[in-house]
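# Inside the fold
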Amino acid sequence: AETLALEAALPTPLATWLARLCQTSRLRLHLCADLPMAWHRFPYEWLTLDGQPLHDRLRVWRHVPRTAEPRSPVPPAPVALFNLWPPDEAVQPLADFPLAPAEVHRHDGRRWVEALLRTRDLHAFSALCLIAHGSERADARPFRLPDGSLWELPPAQPLPSLVILLACGDNGGNLLDYAAALLKRGASTVLAALGQLDARDMTALLPILLHGWLTGERIGDALDAAQTAVAWRGRGRLCLLGTGELRMGDAPELADWATDRLAEHARAGEDTALRALLPRLTLDGFLHAGESS
């Protein structure tokens, strides 16, 4: 991917603000879903500051719902893994895949993937992960199958809460646009690439990412852990769209409580509820009274 100097790529007030924060700490930038598409397509992951890449210091969540209310945990269920990778290629991302079949239901090849799509409701799964080559074209279906034909998830198919797309995108954000369309179809969170991934990255990344999800980590934290742990070639190119706090779990944690419930417990004198409530109220006030662009 290309690199862009932060100071030259963004308007001065925003560039100055981001540069100051990124020099002293890691920053997680939330882009509300109602911002113009140009905000979501911008390649923040390719920014540099003083000549050094920013992808370890700046994480960007795109198309974030404009609400301070948390998303309820996803009920525990297996992950559906669609493997549409050519079986004759030298690098096989799922070779020696470590997760148990009870946790990850793997389907290899178009025939078995489409059979599942005809016969099963994807809501039975906590997440869908798809591995394929990308078409890398904005004017065509997003995935390229081993026979060269182009493919996409059936447009009318219900989707689980989490969708992970391990495929190459183009540098203009064709997969980000496709991921945004999946959010409108019912997914809460989609991971998709801006630019190209490497098959060796998928091999290293996926077990960490899915292990985090299956053990109750919030998907944004699981992605950050994978980004940090893996010395991968397409570093920073896998992007999060939607709800980064999404997690799978049996029971709500304090951070999952509705604001009204937090307020009730805070009024009863619970300090932990009060500490969780104050930033929630600050965010809610900004979302209702602040500027959206």
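In this report, the structure presented in the accompanying data block is examined. If you're wondering where the values come from, they're calculated on a predicted model, not measured in any experiment.

### Considerations on the nonpolar core
A general feature of soluble globular proteins is that nonpolar side chains tend to end up buried together. Counting 35 residues, the largest nonpolar core has Ile131, Leu166, Leu206, Trp213 and Ile219 as the members making the most contacts within it. Broken down by secondary-structure element, the contributors of at least two residues to this core are β5 (58–64), β6 (79–83), β8 (127–131), β12 (162–166), β13 (189–193), α6 (199–214), α7 (219–229) and β14 (238–242). The element contributing the most residues to this core is α6, with eight residues. In terms of nonpolar packing, the next biggest core, distinct from the first, is built from 33 residues, Leu145, Leu165, Ala179 and Leu182 among them.

### Here's the deal with a nonpolar patch on the surface
On the surface, Leu274, Leu278 and Leu281 cluster together into a nonpolar patch covering about 260 Å² of accessible area. Look at Leu274 and you get partly exposed, because its relative accessible area is 36%.

### With respect to the pairing of β13
For β13, the tally of buried residues reaches five of five residues, placing the bulk of the element in the interior. Because side chains alternate across β13, one face comprises the buried residues Thr189, Leu191 and Ala193, and the other comprises Val190 and Ala192, equally buried. In terms of strand pairing, β12 meets β13 through three bridges, oriented parallel. When the sheet's bridge partners are listed, Val163 is paired in β13 with Val190. Regarding topology, helix α5 (residues 174–184) serves as the crossover connection from β12 to the parallel β13, and that connection is right-handed. Judged from the five bridges that link them, β13 and β14 form a sheet pairing that is antiparallel. Residue pairing for β14: Thr189 is matched across the bridge by Gly242.

Reading the values: the criteria
- Residues numbered from 1 in each chain as written.
- Predicted model: local features only at pLDDT ≥ 70, side-chain atom pairs only at ≥ 80, totals over all residues.
- Heavy atoms only, no water.
- Core = buried A, V, L, I, M, F, W, Y, C linked by side-chain atoms within 4.5 Å.
- Buried < 20%, exposed > 50% of the residue type's maximum accessible area, 1.4 Å probe, protein only.
- Helix = DSSP H or I, 4+ residues; strand = E, 2+ residues; numbered from the N terminus.
- Patch = residues over 30% accessible without salt bridge, like charges linked within 9 Å, V, L, I, M, F, W, Y side chains within 5 Å.
- Areas by Shrake-Rupley, 256 points an atom, 1.4 Å probe, with all protein chains shown as cover.
- Salt bridge = Lys/Arg side-chain N within 4 Å of Asp/Glu carboxyl O.
- Pairing = 2+ DSSP bridges.
- Right-handed = clockwise from strand over helix to strand, strands pointing away.

Everything listed here is a matter of geometry and, on its own, says nothing about what the molecule does.
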